[in-house]
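Listed here are the chains, written in short residue letters.
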Amino acid sequence: MAHWFHRNPIKATAPATFNLGSVASDGRATKICTDLREARKFVLDLLSDPNNTITNVETASLKYLSLIHGFLVATDETGGESKIRYLCRFKWTNTLLGGRASAQQDAEFEVCGILMNIALWYTKHAAKIAASEEVSMDEAKEVHRCLRSAAGIFTAVKEQHIGKLISKDVSCADTDTNIISAYISQSVAEAQEVTLVRAIELKHNSGLVSSIASETAKLFKESDGYLAKLDPLKVDKWRKYLQLKCAFYTAYAYCFHGQTLLTADKCGEAIRSLRESDSFFNKAKELGEVYNKMKGAGETARPTDHTFFRRLGTYVKTTLEKCERENGFIYFQKVPEEPPELELKATYGLASPQEFTFPPVNQQWTPESYAAFDLTKAPNQGKPEPTHAEDEKIQSVKEGDIYHSSKEQKNNSGCVIS
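Rules of the game
Residues numbered from 1 in each chain as written. Predicted model: local features only at pLDDT ≥ 70, side-chain atom pairs only at ≥ 80, totals over all residues. Heavy atoms only, no water. Helix = DSSP H or I, 4+ residues; strand = E, 2+ residues; numbered from the N terminus. Buried < 20%, exposed > 50% of the residue type's maximum accessible area, 1.4 Å probe, protein only. Polar contact = N/O pair within 3.5 Å; in protein donor to acceptor, adjacent residues only side chain to side chain. Contact = heavy atoms within 4.5 Å. 1 Å grid on protein atoms, 1.4 Å probe; cavity = no way out; pocket = protein on both sides within 12 Å on 5 of 7 lines; lining within 4 Å. Points joined across faces, edges and corners; volume = space filled by probe spheres on them. Nonpolar A, V, L, I, M, F, W, Y, C, P; charged D, E, K, R; others polar. Phe/Tyr/Trp six-rings, centres within 6.5 Å; stacked < 30°, edge-to-face > 60°. Lys NZ or Arg CZ within 6 Å of the ring centre and 35° of its normal. Axes fitted to C-alpha atoms, helices over the stretch in contact; angles between N-to-C directions. Parallel < 35°, antiparallel > 145°, perpendicular 65-115°, else oblique. Left-handed = near helix turned anticlockwise from the far one by under 90°. Salt bridge = Lys/Arg side-chain N within 4 Å of Asp/Glu carboxyl O. Expected span 1.5 Å × (residues − 1). Arc of directions from axis to C-beta.

1. Some details on the side chain of Asn117
Move 1: With respect to the secondary-structure elements, Asn117 resides in helix H3 (residues 107-130).
Move 2: We classify Asn117 as buried; its relative accessible area is 2%.
Move 3: Within polar-contact distance, the side chain of Asn117 engages the backbone nitrogen of Lys11 at 2.9 Å.
Move 4: Sequence-distant contacts of Asn117, defined by excluding residues within four places in its chain, comprise Ile10, Lys11, Leu44, Leu47 and Trp92.

Here it is, written out as structure tokens:
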């Protein structure tokens, strides 16, 4: 099965030792720092391989996040911001900017980095399942859940963490709200792809299929719109994938809308709708050819080689020929110059981000263990320091391979997730 999803690389990071020296004034504080270092390394190792299980990744992620939580909020009676938020410096690469690192002495920056990688892992795990030779109903649901979970985590980064950073990063960095917003819209759109295929396989009415396809196309267009504001050299490859998907699902929407019109004996309008579908399908093929030749961040998808993609082209052609034949024998209706309006917003089948809740502070954090961090021993008394992009390069993460089945699907849609 050809690659269906474009995936940007996971973020790389420099080691974080949490070695605070005399600031960690007793065994309780030292134990927290040691556990943070080990938990971080363990979760990063898991996130590098999309073949790992959700259970293992979620368990490791929650442990690390619960520990780093104590660097965000005070765990004594004072509450509010943690006094040790600015003690450690963290370095992360960005998904579109290669190996050049961004660095901030801020635990919020670390949380943004780790949450981004967790969300990216969910998208890659979804792609891994979807690439299988056979996908069960439960696995299709898992793909859907993974993509919604990714969207929810991206949303949490955007709404709950980026605004708290004391330093703004460069354009096209992962802390750029346009980048985050593009990831959110893409993840939701891809979750709706799963719903759409299911609707086709269960032979739901053509009006519903058309409206879901139309809404999915709008989400891919929305994602592309966020990236249109950024440096073309950094985002054009990703944009071409989004534009391809937008054109493809617009073709799907007009195709099934044409069926709805034919059922209502509006054959002339059905022909016009199907011609519009054929036009968008050809546009999607052209965009696919351009995308396949482009250089840039991310693993190149091959959606135009996919059975699901090719089967739509055949379906549009045969349905259009049928409509034109019946119009010549039965209806004799004029074909409008303008394409008909697509169905209004779908009432069923629309996806949304799965809300992400940050785990509570780890039980190791008590008023006593928090007090054991002595800021009088810290450089600059633990106050934030200026930050900047680092000249240092960080080696990219070697990610686990995803096996892609070469089996052709024999179902109605041509998609394995059905």
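2. What to know about the layout of surface pockets
Move 1: Approximately 330 Å³ is the volume attributed to the second largest pocket.
Move 2: Around the second largest pocket, the lining comprises 16 residues; the ones closest to its centre are Thr13, Arg40, Lys41, Leu44 and Asp45.
Move 3: Classifying every residue of the lining of the second largest pocket by side-chain character gives eight nonpolar, three polar and five charged.

3. Quick look at the packing of aromatic side chains
Move 1: Using the criterion set out here, one finds 24 aromatic pairs in the structure.
Move 2: Aromatic side chains Trp121 and Tyr122 sit 5.5 Å apart centroid to centroid with 70° between the ring planes, which places their arrangement in the edge-to-face category. Taken as a pair, Trp121 and Tyr122 share a single burial class, namely buried.
Move 3: For the ring pair Phe356 and Phe358, a centre distance of 6.4 Å and an interplane angle of 85° mean the geometry is edge-to-face. Accessibility assignment for this pair places Phe356 and Phe358 in one class, buried.
Move 4: Taken together, the ring pairs connect Trp4, Phe220, Tyr241, Phe248, Tyr249, Tyr252, Phe256, Phe281, Tyr291, Phe308, Phe309 and Tyr315 into an aromatic cluster.
Move 5: The aromatic ring of Tyr370 is capped on one face by Lys83, whose charged end is 4.7 Å from the ring centroid.

4. Remarks on the packing of helix H7 (residues 232-263) against helix H9 (residues 307-331)
Move 1: Remark: H7 packs on H9, axes separated minimally by 11 Å, with the N-to-C direction vectors making an angle of 30°. Taken together, the axis directions place H7 and H9 in an arrangement best described as roughly parallel. When you trace H7 past H9, the crossing you get is left-handed. Contacts between H7 and H9 involve Leu244, Phe248, Tyr249, Ala251, Tyr252, Cys255, Phe256, Gln259 and Leu262 from the first element and Phe308, Phe309, Leu312, Tyr315, Val316, Thr319, Lys322, Cys323, Glu326 and Tyr331 from the second.
Move 2: Across the contact of H7 with H9, the residue classes break down as 15 nonpolar, two polar and two charged.

5. Description of the pattern of salt bridges
Move 1: One pass over the structure, following the stated rule, counts 17 salt bridges.
Move 2: Salt-bridge contacts for Lys31 lead to Asp35; the nearest nitrogen and oxygen are separated by 2.6 Å. Taken together, the positions of Lys31 and Asp35, both in helix H1 (residues 27-47) and four residues apart, correspond to about one turn of that helix.
Move 3: Given the relative accessible area of 43%, Lys31 is considered partly exposed.
Move 4: When the shortest N-O distance is used, the salt bridge between Arg239 and Asp224 registers 2.6 Å. Here the residue Arg239 occupies a position in helix H7, and Asp224 occupies one in helix H6 (residues 206-227), the gap between them amounting to 15 residues.

6. With respect to empty space enclosed by the protein
Move 1: Applying the stated rule across the entire model yields two cavities of 30 Å³ or more.
Move 2: By volume, the largest cavity is sized at about 80 Å³.
Move 3: The wall of the largest cavity is formed by His6, Arg7, Asn8, Leu120, Thr123, Tyr183, Gln186, Ser187, Glu190 and Trp238.
Move 4: By residue number, the principal contributor to the lining of the largest cavity is helix H5 (residues 177-201), which donates four residues.
Move 5: A breakdown of the residues in the lining of the largest cavity according to their chemical character gives three nonpolar, five polar and two charged.
Move 6: If you add up the space inside the second largest cavity, you get close to 60 Å³.
Move 7: Taken together, Lys11, Trp92, Asn94, Phe109, Cys112, Gly113, Met116, Val157, Asp174 and Thr175 form the lining of the second largest cavity.
Move 8: Considering every element that reaches the lining of the second largest cavity, the biggest residue donor is H3, with four residues.
Move 9: Residue composition of the lining of the second largest cavity, by class: five nonpolar, three polar and two charged.

7. As for H1
Move 1: With 21 residues, H1 ought to run about 30 Å at 1.5 Å a step, and its terminal C-alpha atoms sit 30 Å apart, in line with that.
Move 2: Among all positions of H1, only Ala29, Ile32, Cys33, Asp35, Leu36, Ala39, Arg40, Val43, Leu44, Leu46 and Leu47 are buried. All buried residues of H1 project into a common sector of 165° when viewed along the axis, lining one side. Exposed positions of H1 whose direction lies more than 90 degrees from the buried face are Gly27, Glu38, Lys41 and Phe42.
Move 3: Along its buried surface, H1 packs onto helix H2 (54-68), strand S1 (90-92), H3 and helix H10 (367-371).

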